[in-house]
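# Analysis of the macromolecular model
Listed here are the chains, written in short residue letters.
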Amino acid sequence: MTIVHPWQPIEIELTAATTAWANPYLDVDAWATFRHEDGTAIMRPAFWDGGNTWRVRFAPTKPGTWHYETASAPRDAGLAGHSATIDVAARPETVPGDTVFARHGFWTIDPGARTLRHADGTPAVMIGDTPWALPWRATRDACRTYAADRQAKGFNAALLMSVQPDRRAVGPDARGVRDGFAVGFTDLPDGRLTDLVPAYFQEVDVLAGILVDHGIVPVWQPVFHGYGWKGLGTAGPVIPADEYARYCRYLVARYGAQPAIWLVAADGDGLAPGVDPGGWEIERWDAYAHPTGIHYAPFHPTTAWHDRPWLDFQWCQTGHSGEHLPHRVTEMWHQVPPKAVANGEPTYEQIGRYPSATGWWQGHEAWMNLCAGATMGVVYGAGSLWQWRIDRDESHEAWACAAGADWRDALAFDGSRYVGAMAHILAGIDLRGMVPDTTHSVGRSALYRPGCLIVYLFEGGWVRASRHEEVPRRYRVFDAMTGDVTATGSVVVENGRAVPIETGAGPRVVIFSDA
């Protein structure tokens, strides 16, 4: 018998009795309600998976006995009225292949909070990457290569376009071939989302599973609103609101019983017809309260639907001109009501005819954004990786890719190592309650809360704990490029002032902490 543990997804297959649906994806709603013996209830939507098959995916949140019952509208004898019990065993201390999400639960953001936490309260910080085109371009082997590299470097999230978004894009319906892309909706070129291709999503299931097994959270963007893949007219802005919202529900049904983030809109102004209805649909059906938010184009205000209860975070984008613009993050940080914030798209490494944002530029960008208030996390990107360029000669606009590089080349760009190193430096640090600060480090880029001060020194050198009575005495100095600890010690106070700490040459991070 298979032993089920908390946060381990299980799947229930249902077979519809009716065979006359004109469009099963649109014509039927099905769901299941799971009740724990203590009264806790979780409702999970079902999704159509081709033919007469519907599936419900559920991840129990605690050990004990769960009972479920299915329902549908219109009522169908094969979809509604099924019930059973599931016995969930307590998770052992160690389980082979466990990820942090199996041990601590999925990410969420509390109302009014600015940081991630796991379901059990364990704090988290996102170290994100942007392989946007992976779901419809990558093969399984390529996805494994990608996931292993990013896991080893410290990344724990991947921003994904769930379907190829350009209405005028043409190419083979295939992954891993020049100009090819797998098709999720056959009518997307018409600006519609009604003719869903189950086989497409069955393959995406496998790719998403590879990411999750490597501790990488898929960040699901339904249909892009800005440039898209090749700048050939994205469908996001023109899809009818009801179709966009229904697809958001489908993504919740299919991928919501595993770690996830929902990016309801991307690379636009956040005001396209389907965005607010999509956000509400996610709010209604996502019982696990995965983080939900919006990613903007560089030239739009980051304020759409800011007061909505479904919106947990706002992500700016600072374009691809190689400029450091951390003030964009600080502007979002000051918006009310408080939301989590991040720079969801800095300049991609080596993008354009004249490569920019290379190497340490990426590490500096990430630390500046974090200290500006991006305590949800940071995001990295590489030219030619984001569009999953199959080979070095595949045609893309020159400004949008890395010259002479395919996705494999881009995977090895140096900047990814520097951003990934942040995961090692911040391991065990609770960013909850931390605010951008200059008063405790003599004007340096920093985050502070009582009990912790994080200071970023882009050239190293000295740092002094001003207002030292409010700063923990113990500190660690990290090489920001490698994540290695280079020094530890305690603050020395002489004549009422903290003695400056010499950190050495090169980018450094100093963490003063009681923990």
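A few points on the structure. Bear in mind the structure is a predicted one, so any value in this text is a computation, not a measurement.

### Digging into the layout of surface pockets
In this structure, the largest pocket occupies an estimated 540 Å³ of space. Lining the largest pocket we find 23 residues, and of these Val100, Val125, Gly154, Asn156 and Ala423 sit closest to its centre. Secondary structure elements with two or more residues in the lining of the largest pocket: helix H2 (100–104), strand S9 (123–124) and helix H11 (415–426). Residue contributions to the lining of the largest pocket peak at 3 residues, all from H11. For the lining of the largest pocket, the class distribution of residues is 12 nonpolar, 10 polar and 1 charged.

### Re the packing of aromatic side chains
The final tally for this structure, using the stated rule, is 30 aromatic pairs. Taking the centre distance of 6.4 Å and the plane angle of 50° together, the rings of Trp31 and Trp285 count as tilted. Residue Trp31 is found in strand S2 (residues 29–36), and its partner Trp285 is found in helix H7 (residues 275–285); the two are separated by 254 residues along the sequence. Residue class for Trp285 comes out buried when judged on its relative accessible area of 3%. Here the aromatic rings of Phe34 and Phe58 are separated by 3.8 Å at their centres, their planes lie at 5°, and the arrangement is stacked. In this pair, Phe34 is assigned in strand S2 and Phe58 in strand S4 (residues 53–58), connecting sequence segments 24 residues apart. Residue classification places Phe34 among the buried residues on the basis of a relative accessible area of 0%. An aromatic cluster of three or more residues is present, and its members are Tyr25, Phe47, Phe185, Tyr200, Phe201, Tyr247 and Tyr250. The residue whose ring lies beneath Lys230 is Trp229, and the NZ or CZ to ring-centre distance is 4.7 Å. One Lys or Arg, Arg444, reaches over the ring of Trp462 and ends 4.9 Å from the middle of that ring.

### A short note on the sheet that holds strand S15 (residues 313–317)
Spatially, S16-S15-S14-S13-S12-S11-S10-S17 is the arrangement adopted by the 8 strands of the open sheet, whose pairing is parallel. The sheet terminates laterally at strand S16 (340–345) and strand S17 (377–379), the two strands that pair on one side only. Strand after strand, the sheet turns through a mean of 30° between neighbouring axes, direction not considered. As defined by bridge partners, strand S14 (residues 292–296) adjoins S15 across 3 bridges and the pair is classed as parallel. Counted as the bridge partner of Ile294 is Gln314 from S15. Sheet strands in contact with helix H6 (residues 241–255) are strand S12 (217–221) and strand S13 (261–268), and its direction is about 140° off that of S13.

### A word on the sheet that holds S2
Read across the open sheet, the 6 strands follow the order S1-S4-S3-S2-S5-S6; overall the sheet is antiparallel. Only two strands of the sheet have a single neighbouring strand rather than two, namely strand S1 (10–15) and strand S6 (83–88). Across this sheet, the average inter-strand angle for adjacent strands is 25°, counted without regard to direction. Relative to S6, strand S5 (residues 64–73) runs antiparallel, the two sharing 6 bridges. Its bridge partner being in S6, His67 is matched across the sheet by Thr85. Across the sheet, H6 touches S2, strand S3 (41–48) and S4, and the angle it forms with S3 is around 110°.

About the cut-offs
Residues numbered from 1 in each chain as written. Predicted model: local features only at pLDDT ≥ 70, side-chain atom pairs only at ≥ 80, totals over all residues. Heavy atoms only, no water. 1 Å grid on protein atoms, 1.4 Å probe; cavity = no way out; pocket = protein on both sides within 12 Å on 5 of 7 lines; lining within 4 Å. Points joined across faces, edges and corners; volume = space filled by probe spheres on them. Helix = DSSP H or I, 4+ residues; strand = E, 2+ residues; numbered from the N terminus. Nonpolar A, V, L, I, M, F, W, Y, C, P; charged D, E, K, R; others polar. Phe/Tyr/Trp six-rings, centres within 6.5 Å; stacked < 30°, edge-to-face > 60°. Buried < 20%, exposed > 50% of the residue type's maximum accessible area, 1.4 Å probe, protein only. Lys NZ or Arg CZ within 6 Å of the ring centre and 35° of its normal. Pairing = 2+ DSSP bridges. Axes fitted to C-alpha atoms, helices over the stretch in contact; angles between N-to-C directions. Contact = heavy atoms within 4.5 Å.

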